[in-house]
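# Structural overview for review
Below, each chain spelled out in residue letters.
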Amino acid sequence: MVKPRRFLKSEAALTDSLRRLAAVPRGSALVAGIGDDCAIFRPPNSREDLLFTTDLLVEDTHFRRATHRAADIGWKALARGLSDIAAMGGDPCFCLVSLALAPWCDAAWVNGFFRGLLLQAGHAGTVLAGGDLSHGATVVCDVVVCGAVPRSRALRRDGAHAGDAIYVSGALGGSALGLATGRGKAWRRHLRPEPRLALGRFLRETVRATAAMDLSDGLSLDLARLSKASGLGAEISPPPVWRGATLAQALHGGEDYELLFTAPPRTPVPAAFENIPLTRIGVMRRQNPGRVTMAGKPLVPGGYDHFLAR
Ligand SMILES: [Mg+2]
């Protein structure tokens, strides 16, 4: 993949400065803006909050023309946004897709892309409501997903309390292993992630998780984000590792799209939900916000940051 351009700031620093620039005025119907998996908008007198998320998929940053088929790219373009809706315990309503086509794209590629995207939409029970088409030097795709959740019940990153148990769904590192090897179940996992929509609803309705997010950039970085948002630290043991993957891939590899969540220590959490294991990996601690330790040692975030030299 093309190397990320060397910016002066990390993605987190850029997001922080944008949040200050785009301060939301008091009394706005925007309940949560920049900084969580989705923005939350509360229409007046509605029993539901609306969730909005947008994700870019860029040729040579997120996929390669030579190794990724059009239908897989379309599937993943939508799956990423659906995973953010899942992270908040929401139901997807519709999506919008904007696509810049590169000179090498032919009609078969475009058809394949939308076939994959609409297959994923069908699985998730959502629809394509519109978008835009243009052309560019490389393929660039942006998918907006709108979702809904009962009023004030969205699972957020900032809701964890000291003493809450930390859980992850599934096994981690599969996508990173797949990207490294280009074959087998792990490659399929990389190409066609499964947004955990039913699990997200279960965490909101039944478990009543205190905080949640999806694992898009790697556990070490994403848990640091959840901890920082909640004003706490986190202490974990090694998470479940995808068969054949390394612990480093499980800790720092991105794009697993499993859910990371917290719940009060005595909340009963089943060992699995619809055959997806739910594993307790640690506890939230009152310590430096964003600090994560594993087996007593600091776990330095090594997940994917677009703007830091790797
Ligand atoms: Mg997310």
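Cut-offs used in this document
Residues numbered from 1 in each chain as written. Predicted model: local features only at pLDDT ≥ 70, side-chain atom pairs only at ≥ 80, totals over all residues. Helix = DSSP H or I, 4+ residues; strand = E, 2+ residues; numbered from the N terminus. Rg over C-alpha atoms; globule rule 2.2 N^0.38 Å. Buried ≥ 20, exposed ≤ 12 C-beta atoms within 10 Å, placed from the backbone. Contact = placed C-beta atoms within 7 Å. Pairing = 2+ DSSP bridges. Expected span 1.5 Å × (residues − 1). Domains from an automatic or database assignment. Nonpolar A, V, L, I, M, F, W, Y, C, P; charged D, E, K, R; others polar. Axes fitted to C-alpha atoms, helices over the stretch in contact; angles between N-to-C directions.

For the protein, the helix and strand inventory stands at 8 helices and 14 strands. Rg of the C-alpha trace for the protein: 19 Å, near the compact-globule value of 19 Å for 310 residues, within the 12% margin. In terms of principal-axis extent, the alpha carbons of the protein reach across some 55 × 50 × 45 Å. Across the 310 residues in the protein, those meeting the buried criterion constitute 43%. Of the contacts made within the protein by residues no fewer than 6 positions apart, 83% connect residues no fewer than 24 positions apart.

Counting buried residues in strand E7 (residues 165-169) gives 4 out of 5 residues, a clear majority hidden from the surface. As paired strands, E7 and strand E10 (residues 259-263) are joined by 4 bridges and run antiparallel to one another. If you follow Tyr167 over to E10, its bridge partner there is Phe261. The pairing of E7 with strand E12 (residues 276-285) spans 5 bridges and is antiparallel. Bridging from a neighbouring strand, Ala165 pairs with Val283 of E12.

This part takes up helix H2 (residues 70-87). Taking 1.5 Å per residue, 18 residues should reach 26 Å; H2 reaches 26 Å between its end C-alpha atoms and fits that length. Of all 18 residues in H2, 17 are buried; the element is thus mostly enclosed. Of the residues one or two after H2, Gly89 is the one with positive phi, at around 75 degrees.

A separate point is the domain arrangement of the protein. Entries for the protein in the domain assignment read domain 1 (11-150) and domain 2 (157-298). Each of domain 1 and domain 2 was reduced to a C-alpha centroid, and the two centroids are 22 Å apart. Counting residues at the interface gives 20 residues for domain 1, matched by 20 residues for domain 2. Here the side of domain 1 that touches domain 2 takes 11 residues from H2, the largest share from any one element. For the side of domain 1 that touches domain 2, the residue count by class is 8 nonpolar, 6 polar and 6 charged.

On to the sheet that holds strand E6 (residues 140-150), then. The pairing of strands in a sheet happens through backbone hydrogen bonds and is either parallel or antiparallel. Sheet architecture is open: 6 strands sit in the order E1-E2-E3-E6-E4-E5, paired in mixed fashion. Strand pairing shows two members of the sheet lacking a second neighbour, strand E1 (30-32) and strand E5 (127-135), which therefore form its edges. Taken over all neighbouring pairs, the strand axes of this sheet differ in orientation by 20 degrees on average, direction set aside. Examined bridge by bridge, strand E3 (residues 48-58) and E6 share 11 bridges and lie antiparallel to one another. Across the sheet, residue Asp55 finds its bridge partner in E6, namely Val143.

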